[in-house]
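Understanding the architecture of this molecule
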Amino acid sequence: MADLTIAELAKLVGVQEDRLLEQIKEAGLSQTKAGDSLSNDERSKLLTSLKGKHGDDSPTEASPKRITLKRKTLGTLKSSDNQGRSKSVNVEVRKKRTYVKRSVEEAQEAQLEAEKVRLEEEKSRLELEAKEAVSKKEKEEKEQTKAPSSVASIPSTPTTAEVPVENKPEARRDFKKGTLKKESFRSSADEGGNKKGQKGRKDRSQGEDRKYNKIRRTDDFVLDGEEDVGRRRSSRKLSHGQKEHKFEMPTEFIAKEIEIPEAISVTDLAQRMSLKGGELVKTLMNMGVMATINLVLDQDTSTLLVEELGHTAIPVSDDKLEEDLVESVNYEGDESPRAPVITVMGHVDHGKTSLLDYIRKSSVTEGEAGGITQHIGAYHVETEHGMLTFLDTPGHAAFSAMRSRGAQATDIVILVVAADDGAKPQTEEAIQHAQVSEVPIVVAVNKMDKEGADPEKVKSELSAKGLAPEDWGGDTQFIEVSAQTGQGIPELLEAALLQAELLELKAVIDCPAKGVVIESRLDKGRGSVATVLVQNGTLKNSDIILVGHEYGRVRAMVGENGKQIKTAGPSIPVEVLGLNGTPEAGDEFFVVDDEKKAREVAEFRREKFRENQIAKQQIAKMEGMFATMGKEDVQVLNIVLKTDVRGSLEAITSSLASLGNEEVSVNIVSSGVGGISETDAQLAQTSNASIIGFNVRADKSAKTLVAKEGLELRYYSVIYNLIDDVKAVLGGLLAPDLQEKILGVAEVRDIFNSPKFGSIAGSMVVEGTVYRNKPIRVLRDDVVIYEGELESLRRFKDEANEVRNGMECGIGVKNYTDVKVGDKIEVFETKEVARSL
C-alpha cells in the first residue's frame, strides 16, 4: 500500500488530526505535521502501539464483576383483632438485586450458545413431528386398504423428507443477524388435528423463550433472574410477509459543526449538539465550571465545551440574524435617475423656513411656536425645474443632533445666511455637519431686500470658514435671494439642480424600499406615526418594515399635503402608520418579507439596547461614586419629560444634560413621546420630580393626581423658554455665595481697667460706624490677631448700639484682654448672595 499522509490517514479512520498526531508522538514516531507521510512499517508500529495501549494485554483498572444492590423499606400494616380493635404492625420489606458485569465478547458468546441450544431443540422437535406424521400416514393407508369401496382415494401428502429445503419456513434466514428465523412449522397432515401436540409445542416454545430471555443486558451490566418484558412483547407471532423491525443505536461518533452565538444557554447548546443537557452539565463540571441547564454561556466557554465533546465550533456574531434577514431580500435592480434631497440649514431666524415657504407657496412659519422651526419638516415639491425634496432643519442651538441627521440624509445643503447678520454659531456648525457628511453646499444670502444687507461681508466671513465664492476663484455657489420678494429664487433652484446633475443621483425603483426616519411621534388617534424618507425602492401599503427597535406592517401612508397615498418612490417623504412604537429619528428602515423574523430582530435590538443602557448606568454609578467621594452632596433636579415628537425629545434631553456643574445637575427620570399620563404623574410623585410637557398636555387622570399631590407641572411650546426656566431652578439650588463687608474701624488710643468688664479700650472711630451686635476683628500692625464679638460699647457712661465716624467710645472685647494701644478694632458683617448658572 502506498504511503499516506497523516491528514489522509486521519480522514480514512475518522479521527481528528490533532488526536492522531498525539498518538503518533506516543508511539515514538518522528512525524509532527499533518502533511508528513507514514510508510507501511510506521503504520504497523503505530497500530502495535495502540494495541498495547488499548488491547487485551494492557492492564485494566480493577473493577467489580458483580454488584449487589440491597434496598430496605419500612411500611405499616393495619389489622383488626377478634374484638374489632385495629392495630398497626410495622413491616420491613427487603429487596436484593445482583448485576453481573460482562464484556461484549462474553455477552456475544452467551448469545451464540443460547442460539445453538435453541436450534438443537428445534431440530429435535421437527424430527419428532416428522415421525408422527409418517406414522399417521401409514395408519390412514391401512384404514383405506381395509375399506376400499367406501373411502375415496386420497392424494398423497409429501412427507417431511420430501419437502424442499427452500420451502421450509425455518430455512429462511434473517440476513441481518445471520441466524435462522424462529417460525413454527406445520405439515399439511397436522392441519386441523392433534391439538395435544400443538399444546405441547406451545409449552416447549414458551420454555425456550423463558430460558433465552433469562439474561437481560443493561449497558455493561447483565441483570440476572428477570424476564425481558420488551423482548417477550416483541416475540409475538408475525403474519406472513411481515418483517420484524430492529433498531440499533449508532455506535460511530459523528462530528458536527455547531454555530456558537455570543451568548447561549446550556439547553439550547445541547439541542444543537443532539445531546442531553445533563451531559453538558457534567462536562462543564469536569472543566471546573459550576453549571445548570439554564446557565447562559459566553462564546469562549461554549467554544471550549463544543471542542471538548469532539465537535467543531463556528463562532457566529449576534448580528447574523439581522444580516440573514437583510440578505433574504433583494434590493438590487435597474437604476433610474431620482430627485435630489436638499436640506435647508442655517442660523436661527435667518429665514430658512420663509425661503422654503416661498418655494412651496405655503406658510409654515406661522404655525411654529415662537416663529422658529422645532422639528424637521420634509416636503416634496414639484417645480418648473423638476422635482425636489426639501428637509427644513431647526436653527436653534439645541437642535444640533437634528441638523446632523439632516446633513446625513441629504444630497445637497442650502446654507441660508442673513445678509444683514452674517455668519453665526449655528452657521458654522451647519458647515461642519455638511463637510463631515461630504455634502456639497450652495449658499443662499437671504434678506437682500432689507437695509443694511451686506453680501460681501457674508462672502468674506464664509470664505474664512472654507467656503470660497466662485467669483473669488472658489467652488461654492453664492446666490443672493429674498424670501419676501422672491428675488433670486429661480437662480437658487437652478444652482441646486445643476449640483444634482453633477452628482448623477440614481436609485432602484422596482425593489423593496429602504430609507431613513426623519421624525416620529405618538398620535392619540392614529398611534405611532413616523415620517420617513424613501432612499431606494418603492414603499407600498401592507409592506412589513423593520426600523431600529420597532417593526410593523404599513397600514397607511400620508403625504405632506395630508392625503393618503398607496406607493412612495425614491426621494419621497411620507408619514407611515402601523409601527408598534416610535422609532428614533435617524434610524434606517427597510422592507422585509417575514414578519416573524422582523419581530425577532426588533426584540433582539431592544434587548441589546437595554443591556447596554444598564451597563452604562452601572459604569456611571461607579464613576459618580468615586467622583463624589470626599465632596458635598450634589443637588439634583429630577424631571419627567414628555414631548410631541422624537426629535424635540432628543434636542431637549441633550440641552438639559449639558446644564449644571459640580454642585447641581439635571436627572431626567423618564422621557417619552406622547401626552402626560397618570403613570407619568405617579412616577414624578415617587421620584420627587417636576413634570414638563413640550407641546403636549396631561390627561384628566394625570391632572387630578397632580392637583391632589401638589406636583409641579409646566407646559412649554418654545424650547429656549424651557431651558431658561430649568437653568433658573438650578441656580436656586446652588449654595449662596458669602460676601463680607467692613462696616467700621476704631483705633485704640488708651487702655482702662474696669472691675466689671476688665480691660476697656478707649477708641476713636476712624472709618464707618461701629455696631454693638456685629462681629469684630482685632488687628495689630494690620494683621488679624483675634476674631470675636463685642462685650460692651459705651459712649461716655451710657451704653450705645452704634458709634459713628469721628466719635470716641469705650470698647470691651469679649473673652480677650490683650488689647494694646495702636491696635485697630474692625467691625464687619457677612451677607449671602444668590448664585446663578
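Thresholds applied
- Residues numbered from 1 in each chain as written.
- Predicted model: local features only at pLDDT ≥ 70, side-chain atom pairs only at ≥ 80, totals over all residues.
- Heavy atoms only, no water.
- Axes fitted to C-alpha atoms, helices over the stretch in contact; angles between N-to-C directions.
- Helix = DSSP H or I, 4+ residues; strand = E, 2+ residues; numbered from the N terminus.
- Parallel < 35°, antiparallel > 145°, perpendicular 65-115°, else oblique.
- Contact = heavy atoms within 4.5 Å.
- Nonpolar A, V, L, I, M, F, W, Y, C, P; charged D, E, K, R; others polar.
- Core = buried A, V, L, I, M, F, W, Y, C linked by side-chain atoms within 4.5 Å.
- Buried < 20%, exposed > 50% of the residue type's maximum accessible area, 1.4 Å probe, protein only.
- Phe/Tyr/Trp six-rings, centres within 6.5 Å; stacked < 30°, edge-to-face > 60°.
- Lys NZ or Arg CZ within 6 Å of the ring centre and 35° of its normal.
- 1 Å grid on protein atoms, 1.4 Å probe; cavity = no way out; pocket = protein on both sides within 12 Å on 5 of 7 lines; lining within 4 Å.
- Points joined across faces, edges and corners; volume = space filled by probe spheres on them.
- Pairing = 2+ DSSP bridges.
- Salt bridge = Lys/Arg side-chain N within 4 Å of Asp/Glu carboxyl O.
- Arc of directions from axis to C-beta.

**A word on the packing of helix H8 (residues 277-286) against helix H9 (residues 299-308)**
The geometry of H8 relative to H9 is characterised by a closest axis approach of 11 Å and an angle of 105 degrees between their N-to-C directions. Judged by the angle between their axes, H8 and H9 are roughly perpendicular. In this structure, H8 contributes Leu280, Thr283 and Leu284 to the contact, and H9 contributes Thr301, Leu305 and Glu308. Of the residues belonging to the contact of H8 with H9, the class tally is three nonpolar, two polar and one charged.

**Focus: the nonpolar core**
Ranked by size, the top nonpolar core spans 25 residues in total, and within it Ile342, Leu355, Phe390, Ile414, Ala444, Val481 and Leu492 carry the most contacts. At the level of elements, strand S14 (341-346), helix H11 (352-360), strand S15 (377-383), strand S16 (386-392), strand S17 (412-418), strand S18 (441-446) and helix H15 (489-503) are the ones that each hand at least two residues to this core. Residues within four places of isoleucine 414 in sequence aside, it is in contact with Ile342, Thr343, Val344, Met345, Phe390, Val442, Ala444 and Leu492.

**Considering the packing of aromatic side chains**
Between two aromatic rings, the relevant description is the distance of the centres plus the angle of the planes. Counted under the stated rule, the structure contains one aromatic pair. When the ring of tyrosine 786 is compared with that of tyrosine 816, the centres are 4.6 Å apart and the planes differ by 15 degrees; the resulting orientation is stacked. Of this pair, tyrosine 786 sits in strand S38 (residues 783-795) while tyrosine 816 sits in the loop between strand S41 (808-813) and strand S42 (824-833), and the two are 30 residues apart along the sequence. Geometry around tyrosine 715 places arginine 697 over its ring, the cationic atom sitting 4.4 Å from the centre. The residue whose ring lies beneath arginine 777 is phenylalanine 828, and the NZ or CZ to ring-centre distance is 3.8 Å.

**Comments concerning empty space enclosed by the protein**
Under the criterion given, the structure shown has three cavities of 30 Å³ or more. In this structure, the largest cavity encloses a volume near 90 Å³. Forming the walls of the largest cavity are Leu637, Ile639, Ser690, Ile692, Glu712, Arg714, Tyr716, Asp725, Val726 and Val729. Of all the secondary-structure elements, those providing two or more residues to the lining of the largest cavity are strand S30 (635-643), strand S32 (690-694), strand S33 (713-716) and helix H20 (719-733). Across the lining of the largest cavity, the residue classes tally to six nonpolar, one polar and three charged.

**Observations regarding the pairing of S38**
Across six bridges, the pairing between strand S37 (residues 775-780) and S38 is antiparallel. The residue of S38 that forms the bridge with valine 778 is tyrosine 786. From the end of S37 to the start of S38, which pair antiparallel, there are two residues, and aspartate 781 there has a positive phi angle of about 55 degrees. In the sheet, S38 pairs with S41 via four bridges, with the strands oriented antiparallel. Its bridge partner being in S41, leucine 793 is matched across the sheet by isoleucine 811.

**Regarding the pattern of salt bridges**
All chains considered together, the criterion is met by 27 salt bridges. Between arginine 526 and glutamate 575 there is a salt bridge whose closest N-O contact spans 3.5 Å. Within this pair, whereas arginine 526 is found in the loop between strand S21 (514-523) and strand S22 (527-536), its partner glutamate 575 is found in strand S28 (residues 573-579), the two being separated by 49 residues in sequence. In this structure arginine 526 comes out as partly exposed when scored by relative accessible area, which is 29%. By relative accessible area, glutamate 575 is classed as buried at 18%. With its nearest N and O atoms 2.6 Å apart, the salt bridge here joins arginine 777 to glutamate 740. In this pair, arginine 777 sits in strand S37 while glutamate 740 sits in strand S34 (residues 737-754), placing the two residues 37 residues apart along the sequence.

**A look at the environment of asparagine 753**
Tracing the sequence through the fold places asparagine 753 in strand S34. When the C-alpha positions of asparagine 753 and threonine 817 are compared, they lie 9.9 Å apart, and in sequence the two are 64 residues distant. Beyond its immediate stretch of four places on either side in the chain, asparagine 753 contacts Gly758 and Ser759.

**Quick word on the sheet that holds S30**
One open sheet accounts for four strands, arranged S31-S30-S32-S33; its pairing is parallel. Only two strands of the sheet have a single neighbouring strand rather than two, namely strand S31 (664-673) and S33. For this sheet, the mean inter-axis angle between neighbouring strands, taken without regard to orientation, is 25 degrees. For S30 and S31, the ladder comprises nine bridges, and the chain directions are parallel. Bridge assignment links leucine 641 to a residue of S31, and that residue is serine 671. Here helix H18 (residues 678-687) sits on the sheet in contact with S30, S31 and S32, set at roughly 180 degrees to S30. Contacting S30, S31, S32 and S33, H20 crosses the sheet at an angle of about 160 degrees to S30.

**Quick notes on helix H19 (residues 700-709)**
Within H19, burial applies to Ala702, Leu705 and Val706. What you see down the axis of H19 is that its buried residues fit within an arc of 100 degrees, all on one side. With respect to the buried face of H19, the exposed residues turned more than 90 degrees away are Lys700, Ala707 and Lys708. Those residues of H19 that are buried lie in contact with H18, S32 and S33. At the exit of H19 stands glycine 710, carrying a positive phi of roughly 70 degrees.

Geometric values such as these leave the question of function open.
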